[in-house]
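# Observations on the model geometry
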Amino acid sequence: MMLNVKKLHPLFVGEASGVDLGRPIDASTRDAINNAMDEYAVLVFRNQPLSQTQQVELAKAFGPLDIGLKRLKKQPDRMEHAELADISNVGEKGEAVGRDHRKLVSNIANQLWHSDSSFQKPPARYSMLAAVQVPTKGGDTEYVDLRAAYDALPDDTKAEIEGLEAEHYALHSRFMLGDTDYTEEQKNALPPVYWPLVRTHPGSKRKILFVGIHARAIKGWTSAEGRMLLMDLLEHATQPKFVYAHKWQPDDLVIWDNRCTLHRGRRFDVSQVRELRRATTLDVEEADLAPA
Ligand SMILES: [Fe+2]
């Protein structure tokens, strides 16, 4: 099979075709997708109806899988596989859950700009989000390219932030939304991690501005000054000229590289069902996992 890619935004994002993602992925197809990911950072595949098992198998072809915040066991799980995240407002009976349901609060946190699992080590590499059911309007997912964001920084800002480290914490985005109902055990289950603000994207060797809502402090700075710098940088990285908005259709599968992009869901009418499923690979090299 032949992977074809059509660019959808001046800076990044491609619509990919020519591959049936429901079938086992051979090495050459995997390499072609990895190479396209290194260039485009986000790949949109249309008309790929995947079962939950097919989606997990597809993701496994690209690395070991992440279970993210599922380890906090905040809510019962509808998925057939622990490796799938239920990005939906759907209850046990397939209905749209009520406005005060826990699940909605958690999914609303996805509407803040972030890189999946940047609050843990290893973080996420690829997220693969499949659309099952989408609302009639709203609910887009937006992306920005952190390589383009870095390139566009003024030189003095580049110099200022070189060498700085940001603290990323899993529940910061939840706390910001007033969702503070966590036990001490849950709060401590995912201790903060530190990432340099300026990193190099391994696939393209380009520098990135690694910000996002999980970043809550700058190491060695006061909370106030650090948080303002992070807010300024996030505002810079998410200017409209950097944003690609994906309008979902059922059976879309979108893959993005969390090492060089941020994303957010957009608001929608929560009385309608929005049902997506995500599988996520961990950012580790196969060599790191081989038995010693
Ligand atoms: Fe996300």
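All values derive from a computational prediction rather than experimental measurement. (Residues numbered from 1 in each chain as written. Predicted model: local features only at pLDDT ≥ 70, side-chain atom pairs only at ≥ 80, totals over all residues.)

### Considering the nonpolar core
The biggest cluster of nonpolar side chains holds 62 residues, and the ones touching the most others in it are V42, M128, L146, L209, V211 and A237. Once residues within four sequence positions are removed from consideration, L146 is found in contact with I208, L209, F210, A237, C260, T261 and L262. (Core = buried A, V, L, I, M, F, W, Y, C linked by C-beta atoms within 7 Å. Buried ≥ 20, exposed ≤ 12 C-beta atoms within 10 Å, placed from the backbone. Contact = placed C-beta atoms within 7 Å.)

### A closer look at the sheet that holds strand β12 (residues 243-246)
With antiparallel pairing, three strands are arranged side by side in an open sheet as β12-β6-β14. If you trace the sheet from one side to the other, it starts and ends with β12 and β14 (261-265), each paired once. Geometrically, the sheet is characterised by an average inter-axis angle of 20° between neighbouring strands, direction not taken into account. In the sheet, strand β6 (residues 141-145) pairs with β12 via four bridges, with the strands oriented antiparallel. Within the sheet, the bridge partner assigned to Y143 lies in β12 and is Y244. (Pairing = 2+ DSSP bridges. Helix = DSSP H or I, 4+ residues; strand = E, 2+ residues; numbered from the N terminus. Axes fitted to C-alpha atoms, helices over the stretch in contact; angles between N-to-C directions.)

### Considering unusual backbone geometry
For the peptide bond that leads from K121 to P122, omega is -5°, which places it in the cis range. Its location among the elements puts P122 in the loop between α3 (102-108) and β5 (124-133). A positive phi angle is found at N47, which is not glycine, with a value near 55°. When you line up the elements, N47 lands in the loop between β3 (42-45) and α2 (52-60). The exposure class assigned to N47 is exposed, which follows from the 12 C-beta atoms found within 10 Å. If you check the backbone angles, K205 has positive phi at about 60° while not being a glycine. Along the polypeptide, K205 turns up in the loop between β9 (198-200) and β10 (207-209). On the neighbour-count criterion, K205 (9 C-beta atoms within 10 Å) is exposed.

### Overview of the sheet that holds strand β2 (residues 14-17)
If you walk across this open sheet you meet the seven strands as β1-β2-β3-β13-β5-β15-β4, and the pairing is mixed. Edge positions in the sheet fall to β1 (4-7) and β4 (84-88), since each of these pairs with one other strand and no more. Recorded for the sheet is a direction-independent mean angle of 25° between the axes of neighbouring strands. Relative to β3, β2 runs parallel, the two being bridged by three bridges. Among the inter-strand pairings, A16 is bridged to a residue of β3, identified as F45. Docked against the sheet, α2 engages β4, β5 and β15 (275-282), running at close to 25° with respect to β15.

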